[in-house]
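# Residue-level structural notes
Below are the chains, spelled out letter by letter.
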Amino acid sequence: MPNNERTSGLVSARLPQSDYAERFTDLHPQLDDHEAQVAADRCYFCHDAPCMTACPTSIDIPLFIRQIVTGTPAAAAKTIFDQNILGGMCARVCPTETLCEEVCVREIAEGKPVEIGRLQRFATDTLMSKQVHPYKRAATTGKTIAVVGAGPSGLAAAHRLAMLGHDVTLFDAREKLGGLNEFGIASYKSTEDFAQKEVDWLLAIGGITVEAGKALGDTLTLDSLQSDFDAVFLSIGLAGVNALRADGMDLDGVEDAVEFIARLRQSTDLSTLPVGRNVVVIGGGMTAVDAAVQAKLLGAQTVTMAYRRGKDRMGASVYEQDLATSKGVSIVYNAQPVAVLGGGACRAMTFEYTAEIDGTLQGTGEMVEIAADQVLVAIGQKLVGAPQGLTIEGGKIAVDVFGKTTMQNVWAGGDCASGGDDLTVTAVAEGRDAAMDIHAVLMGEG
Amino acid sequence: MADLTSEFCGIKSPNPFWLASAPPTDKEYNVRRAFEAGWGGVVWKTLGEEGLPVVNVNGPRYGAIYGADRRLLGLNNIELITDRPLEVNLAEMTRVKKDYPDRALIASVMVPCDEKSWKDILPRIAETGCDGFELNFGCPHGMAERGMGSAVGQVPEYIEMVTRWCKEATGLPIIVKLTPNISNILLPAEAAKRGGADAVSLINTINSISSVNLDSFCPEPMIDGKGTHGGYCGPAVKPIAMNMVAEIARNPETHGLPISGIGGVTTWRDAAEFLALGAGNVQVCTAVMTYGFKIVEEMISGLSEYLDEKGMTSVAELSGKAVPNVTDWQYLNLNHVTKAVIDQDECISCGRCYAACEDTSHQAISMTSDRVFEVMDDECVACNLCVNVCPIEGCITMKTLEPGDLDERTGKIVSKDYGNWTKHPNNPSATAAE
Ligand SMILES: Cc1cc2nc3c(=O)[nH]c(=O)nc-3n(C[C@H](O)[C@H](O)[C@H](O)COP(=O)(O)OP(=O)(O)OC[C@H]3O[C@@H](n4cnc5c(N)ncnc54)[C@H](O)[C@@H]3O)c2cc1C
Ligand SMILES: Cc1cc2nc3c(=O)[nH]c(=O)nc-3n(C[C@H](O)[C@H](O)[C@H](O)COP(=O)(O)O)c2cc1C
Ligand code: SF4
Ligand code: SF4
Ligand code: SF4
């Protein structure tokens with residue numbers, strides 16, 4: 001008998017083969033021309049638009065929407081890319097409900113914002129599908145810059161630097177570029193290999209030498225980079241994960257959520273991926289939601305997200321929580337992990353209910369056991385592999401507002417650097433801004 | 001419920017909503033359905049001479065402009081008068097009138113500008129049982145080149161002459177349809193009256209090019225790579241039409257001449273506005289071409305509700321209500337001072353009012369870093385632009401200063417007296433107080 005949702009243990013192919021493609025399709029499908037016109041018509045072209053202020057990369061939203069209205073989506077895309085070269089990915093992954101769309105005046109007026117993210121995707125997809133790169137490099141400056149880490153932050157920095165005429169070498173520990181765009185973002189947000197297509201499109205600017213499979217720390221040292229290059233930009237993200245201290249963490253079936261997602265993102269045949277019948281996800285952030293939803297989409301019978309604090313404290317937005325529950329995930333609030341149970345393979349997990357008393361989280365003594373043949377831990381990532389000599393602040397590389405670290409000619413941005421939220425769009429903004437500062441310093445303007 | 005029955009230059013209809021002479025009134029099939037839908041009357045698509053009918057282009061005949069969400073705001077057409085034989089139209093009109101005796105059936109006519117043509121055709125058409133005639137002096141394209149339509153409508157003497165022939169040829173009411181493609185609408189209106197017209201109807205369409213194809217560099221609608229001007233109609237022309245209606249209604253020479261208001265009527269409200277400005281009824285074309293016959297239901301219910309609310313019992317009571325308040329600029333009270341006021345509870349902080357006021361000439365709206373917008377009374381000239389651009393209806397209103405209040409902009413106390421430009425000290429030709 002073929003496997004189904006009720007087959008016990010960690011097994012693959014819980015669904016008919018034909019179901020996978022449909023289940024993992026775009027969360028927000030691309031708008032067609034007509035839908036884009038209708039959506040774009042709603043924009044009021046606000047003065048000093050609040051949406052633009054809320055966008056970490058400050059995209060001129062009213063302008064690009066007006067360009068869509070007037071039938072020039074390529075010009076709209078250019079407006080977007082001028083500020084955010086990864087505007088295509090951001091259109092797919094930004095939690096717009098807490099960024100631009102949250103402050104859209106039409107959200108205030110009628111609880112329905114202009115669909116900025118989807119319009120952004122409409123514009124960027126239109127231009128990117130033409131397979132042309134819209135920027136040209138400036139005359140070469142002869143300056144060389146090492147960018148370490150090819151996630152959104154590194155890619156944005158490399159592109160901006162190359163555009164300004166510098167010669168960039170882009171290092172990444174992995175063989176594939178893109179960082180979490182390629183390995184982390186939920187598959188239903190970035191479908192059809194968009195992350196790689198975007199990397200290829202971005203690199204078409206020229207002037208960027210890719211050194212994949214080269215990790216800072218092995219043969220590559222910051223010292224050598226500092227002597228070989230005029231400037232260094234570190235964008236190594238958060239390569240480590242926080243460990244959960246609970247009994248039974250060594251049992252089979254217990255895994256970090258980021259690894260689970262990376263495996264899923266790299267899979268070419270989702271039916272070969274094992275997933276539990278009863279999956280428990282620990283954590284309350286975006287990663288936890290993504291892991292839970294994708295486990296459910298893979299055919300798990302039950303998926304439970306357990307978060308140690310209350311709903312209002314959860315890192316994932318209300319929108320994302322609703323997305324999870326709409327996909328059949330149940331969320332248990334105020335439950336802290338105690339132990340994973342089982343022999344060899346995990347079978348269940350126990351939690352203790354909590355309450356927040358005088359601002360501190362305390363166990364109430366009341367216990368609950370949740371069946372689990374797979375446990376995914378999503379309690380946050382942490383910085384590993386930061387070179388010696390850099391000042392670390394709150395677990396991140398300390399930088400000033402321009403992205404400068406405390407070391408001469410070394411900048412950092414994205415998740416690995418202090419300041420800003422851990423979001424794709426913020427990583428892009430920080431990469432771009434650091435690039436501008438590097439440019440100013442190298443060209444003697446800074 | 002208010003009685004919508006209307007009597008327009010002696011022609012009765014169950015409501016004041018008529019279909020204008022145009023494609024919706026082109027044939028029996030349409031007109032029957034229009035009457036079933038509730039229209040009070042129709043002006044049949046303009047009839048021409050006996051013999052071979054005119055031919056229309058066989059490519060697109062309409063062009064359009066749009067508002068947000070692709071709402072059709074203006075339509076441009078290059079259609080001619082009926083392209084069906086006269087006898088066919090007359091037979092159909094006869095049948096329809098017989099089946100709908102309570103509805104108004106008006107024959108629109110356009111024949112060459114000679115006495116015989118007009119005098120021959122009117123009695124023939126009258127045999128259909130129609131209630132009156134509308135003389136089409138308005139069509140701006142195709143027919144004008146043949147010396148008809150607006151070619152006649154632009155020459156007051158011709159209007160007077162043709163109207164007189166028609167009055168001699170029939171006892172039925174004669175409505176003269178005016179073209180707006182003229183600098184002073186009063187001249188043709190007065191000419192029609194002199195010729196004995198029982199009423200005027202206006203406006204016909206306005207010469208226009210609605211859009212240009214930027215690939216083939218040709219006006220739309222494009223026929224084999226060429227375009228021509230057409231006639232513009234729909235919501236966009238309503239303000240122009242209303243002004244012309246009001247001018248005729250308040251002109252002493254033409255005051256009292258029944259007016260059928262046409263141009264952009266789309267809802268009951270548009271109709272009510274035309275009526276208030278002196279129209280006795282209204283005619284509709286584009287709105288029906290856009291939404292179909294059914295809209296008359298909304299017009300009927302809306303106008304009745306409005307009349308009830310105002311305590312009016314008939315359409316006639318509304319007709320002309322606003323005419324006494326239409327005046328010339330020079331008689332407007334310059335001592336009337338208002339200020340824009342933003343309702344902070346309604347404001348959604350879009351900043352449109354700010355951009356408008358700041359980039360126009362008054363700089364009277366302040367903006368804080370947390371996007372609070374306020375009117376500065378010492379700068380506001382009360383132009384109303386912010387009210388017009390604000391996306392939230394009722395969010396910005398105009399507050400009238402009371403006599404004795406200080407106008408912070410001018411530093412002057414608001415006077416209780418009426419004072420207009422004719423007496424204003426800045427006016428070099430001001431007449432001294434009488
Ligand atoms: C599961 C998951 C889902 C997420 N979903 C969203 C979302 O929907 N929307 C959103 O806005 N954000 C989301 N985020 C956050 C977002 O992905 C990150 O904020 C963003 O990718 C940070 O970009 P970055 O360039 O700083 O780092 P990363 O994307 O992490 O890229 C770092 C790169 O550096 C490389 N690297 C690491 N160490 C070294 C080394 N020593 N030497 C050389 N190279 C190295 C890595 O291989 C990687 O390519 C999600 C994060 C996770 C984990
Ligand atoms: C396609 C079309 C054809 C028209 N044909 C005639 C016509 O044959 N005779 C006429 O008097 N007016 C004709 N008109 C003008 C209309 O009767 C009316 O005066 C004008 O469209 C303004 O009204 P509206 O804004 O409601 O459309 C035509 C209008 C259109 C759009
Ligand atoms: S806030 Fe909303 S309506 Fe205003 S410019 Fe931005 S998207 Fe448009
Ligand atoms: S009424 Fe005119 S001057 Fe006054 S605030 Fe509004 S836009 Fe400015
Ligand atoms: S236009 Fe209206 S809604 Fe927008 S800021 Fe001004 S008052 Fe507020």
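Residues numbered from 1 in each chain as written. Chains lettered and ligands numbered in written order. Predicted model: local features only at pLDDT ≥ 70, side-chain atom pairs only at ≥ 80, totals over all residues. Heavy atoms only, no water.

Of regular secondary structure, chain B possesses 13 helices and 22 strands. Relative to the 2.2 N^0.38 estimate, which gives 22 Å for 434 residues, the radius of gyration of chain B is 25 Å and therefore close to what a compact globule would have. Taken along its principal axes, the extent of the C-alpha atoms in chain B is 75 × 60 × 50 Å. Taken over 434 residues, chain B has a buried fraction of 50%. For chain B, contacts bridging at least 24 residues in sequence account for 69% of all contacts bridging at least 6. Carbon and sulfur atoms form 52% of the exposed surface of chain B, whose accessible area is close to 19800 Å². Within chain B, the 57 negative side-chain charges are centred at a point lying 5 Å from the centre of the 37 positive side-chain charges. (Helix = DSSP H or I, 4+ residues; strand = E, 2+ residues; numbered from the N terminus. Rg over C-alpha atoms; globule rule 2.2 N^0.38 Å. Buried < 20%, exposed > 50% of the residue type's maximum accessible area, 1.4 Å probe, protein only. Contact = heavy atoms within 4.5 Å. Areas by Shrake-Rupley, 256 points an atom, 1.4 Å probe, with all protein chains shown as cover. Lys, Arg positive; Asp, Glu negative; His and termini not counted. Charge placed at Lys NZ, Arg CZ, Asp CG, Glu CD.)

Next up on the list: the domain arrangement of chain B. Segmenting chain B into domains produces domain 1 (6-325) and domain 2 (329-433). Placing the centre of domain 1 of chain B and that of domain 2 of chain B at their C-alpha centroids yields a distance of 39 Å. (Domains from an automatic or database assignment.)

All residues in the neighbourhood of ligand 3 are listed as Cys43, Tyr44, Cys46, Ala49, Cys51, Ile61, Pro62, Cys104, Val105, Val114 and Ile116 of chain A. Split into classes, the residues belonging to the shell around ligand 3 amount to 11 nonpolar, no polar and no charged. (Near = heavy atom within 4 Å. Nonpolar A, V, L, I, M, F, W, Y, C, P; charged D, E, K, R; others polar.)

Residue and element names in this part refer to chain B. Its place among the elements puts Pro235 in the loop between β14 (230-233) and α7 (238-250). Assessed through its relative accessible area of 30%, Pro235 is described here as partly exposed. Beyond its immediate stretch of four places on either side in the chain, Pro235 contacts Leu72, Leu73, Gly264 and Thr266.

Right, let's get into the pattern of salt bridges. Scanning the model with the defined rule gives 42 salt bridges over all chains in all. Between Asp82 of chain A and Lys78 of chain A there is a salt bridge, with its nearest N and O atoms 3.8 Å apart. Of this pair, Asp82 of chain A and Lys78 of chain A both sit in helix α5 (residues 73-83), four residues apart, which is roughly one turn of that helix. A salt bridge links Arg61 of chain B to Glu79 of chain B, with the nearest nitrogen and oxygen atoms 3.0 Å apart. Here Arg61 of chain B, found in the loop between β4 (41-47) and β5 (62-67), pairs with Glu79 of chain B, found in the loop between β6 (71-77) and α2 (86-99); they are 18 residues apart in sequence, far enough to count as distant. Given a relative accessible area of 25%, Arg61 of chain B falls into the partly exposed group. Several salt bridges converge on common partners, so that one network encompasses Asp26, Arg92, Arg121 and Asp125 of chain A. (Salt bridge = Lys/Arg side-chain N within 4 Å of Asp/Glu carboxyl O.)

Before going further, it helps to examine the packing of aromatic side chains. To describe a pair of aromatic rings, you give the distance between the ring centres and the angle between the ring planes. Residue and element names in this part refer to chain B. Under the counting rule described, the total for this entry stands at eight aromatic pairs over all chains. Both rings, one in Phe35 and one in Tyr100, keep their centres 5.2 Å apart while their planes meet at 45 degrees; by these two values the pair is tilted. Taken as a pair, Phe35 in helix α1 (residues 28-37) and Tyr100 in the loop between α2 and β7 (104-109) lie far apart in primary sequence, 65 residues in all. With a relative accessible area of 2%, Phe35 lands in the buried category. The class for Tyr100 is buried, based on a relative accessible area of 11%. For the ring pair Trp268 and Tyr306, a centre distance of 5.3 Å and an interplane angle of 35 degrees mean the geometry is tilted. (Phe/Tyr/Trp six-rings, centres within 6.5 Å; stacked < 30°, edge-to-face > 60°.)

Right, let's get into the packing of helix α4 (residues 61-69) of chain A against helix α9 (residues 116-128) of chain A. Residues and elements named next belong to chain A. Look at α4 against α9: their axes get within 10 Å of each other, and the N-to-C directions meet at 55 degrees. In terms of axis orientation, α4 runs oblique to α9. By crossing handedness, the relation of α4 to α9 is classed as left-handed. Note on element contacts: α9 touches α4 through Ile116, Leu119, Gln120, Phe122 and Ala123, opposite Ile61, Phe64, Ile65 and Ile68. (Axes fitted to C-alpha atoms, helices over the stretch in contact; angles between N-to-C directions. Parallel < 35°, antiparallel > 145°, perpendicular 65-115°, else oblique. Left-handed = near helix turned anticlockwise from the far one by under 90°.)

Next up on the list: the sheet that holds strand β10 (residues 335-343) of chain A. Residues and elements named next belong to chain A. Spatially, the three strands line up as an open sheet ordered β10-β11-β12, and their pairing is antiparallel. Each end of this open sheet is capped by a strand with a single partner; those strands are β10 and β12 (360-371). Across this sheet, the average inter-strand angle for adjacent strands is 20 degrees, counted without regard to direction. Pairing analysis gives nine bridges linking strand β11 (residues 345-357) to β12, with the strands arranged antiparallel. What sits directly across from Thr350, in β12, is Glu369. (Pairing = 2+ DSSP bridges.)

Moving on to a nonpolar patch on the surface. Residue and element names in this part refer to chain B. Together, Ile209, Val212, Leu214 and Phe217 make up an exposed nonpolar region whose accessible area comes to about 470 Å². Within the secondary structure, Phe217 sits in the loop between β12 (211-213) and β13 (218-220). The exposure class of Phe217 is exposed, given its relative accessible area of 65%. (Patch = residues over 30% accessible without salt bridge, like charges linked within 9 Å, V, L, I, M, F, W, Y side chains within 5 Å.)

Here we take up the UniProt feature "domain: FAD/NAD(P)-binding" (unreviewed entry) in chain A. Following the UniProt record, one finds the feature "domain: FAD/NAD(P)-binding" (unreviewed entry) at residues 144-431 of chain A. Segment residues 144-431 of chain A splits into 25% helix and 30% strand. End C-alpha atoms: 16 Å apart. (UniProt positions renumbered as here; feature names shortened; annotations may be inferred.)

Our next topic: the sheet that holds strand β8 (residues 302-306) of chain A. All names here are of chain A. The strand order across the open sheet formed by five strands is β6-β13-β7-β8-β9, and the pairing between neighbours is parallel. Either end of the sheet is taken by a strand with one partner, and the two such strands are β6 (254-256) and β9 (329-332). The mean angle between the axes of side-by-side strands here comes to 20 degrees, regardless of whether they run parallel or antiparallel. By the bridge criterion, five bridges tie strand β7 (residues 278-282) to β8 in an arrangement that is parallel.

Attention shifts here to the site of ligand 2. Residue and element names in this part refer to chain B. Of all residues adjacent to ligand 2, which total 23 residues, the nearest are Thr46, Lys177, Gly234, Gly264 and Thr286. With respect to ligand 2, the side chain of Lys45 contributes an N or O atom lying 3.0 Å from an oxygen atom. Between ligand 2 and Cys285 there is a distance of 3.1 Å, counted from an oxygen atom to a backbone nitrogen or oxygen. With the chains in place, 99% of the 610 Å² that ligand 2 exposes on its own is no longer accessible. Contributing elements (two or more residues each) for the shell around ligand 2: β4 and α9 (286-291). Among the residues forming the shell around ligand 2, the class breakdown is 10 nonpolar, 10 polar and three charged. (Polar contact = N/O pair within 3.5 Å; in protein donor to acceptor, adjacent residues only side chain to side chain.)

Moving on: the side chain of Thr424 of chain A. Looking at where Thr424 of chain A falls in the secondary structure, it is placed in helix α17 (residues 424-442). Using a relative accessible area of 13% as the deciding quantity, one classes Thr424 of chain A as buried.

Further remarks concern α17 of chain A. Residues and elements named next belong to chain A. Taking 1.5 Å per residue as the helical rise, α17 with its 19 residues ought to reach 27 Å, and the 27 Å between its terminal C-alpha atoms agrees with that figure. Among the 19 residues that make up α17, 16 are buried, leaving the element largely enclosed by the rest of the structure. In the segment just after α17, Gly444 is the residue with positive phi, at about 75 degrees. (Expected span 1.5 Å × (residues − 1).)

All names here are of chain A. Under the domain assignment used here, chain A contains domain 1 (3-24 + 242-377), domain 2 (33-128) and domain 3 (144-239 + 383-442). For domain 2 versus domain 3, the distance between C-alpha centres works out to 26 Å. Taken together, the contacts link 20 residues of domain 2 with 21 residues of domain 3. Its largest share of buried area at the contact with domain 3, domain 2 owes to Ile85, Leu86 and Met89, together 37% of the area lost on that side. Here domain 2 and domain 3 share zero salt bridges between them. If you look at where domain 2 meets domain 3, you find four residue pairs in polar contact (both at pLDDT 80 or more). Mapped onto the side of domain 2 that touches domain 3, the elements with two or more residues apiece are α5, α6 (87-93) and α9. Ranked by the residues each element gives to the side of domain 2 that touches domain 3, the list is headed by α6, at six residues. Partitioning the side of domain 2 that touches domain 3 into residue classes produces 12 nonpolar, five polar and three charged. (Buried area = accessible area lost by both parts, 1.4 Å probe.)

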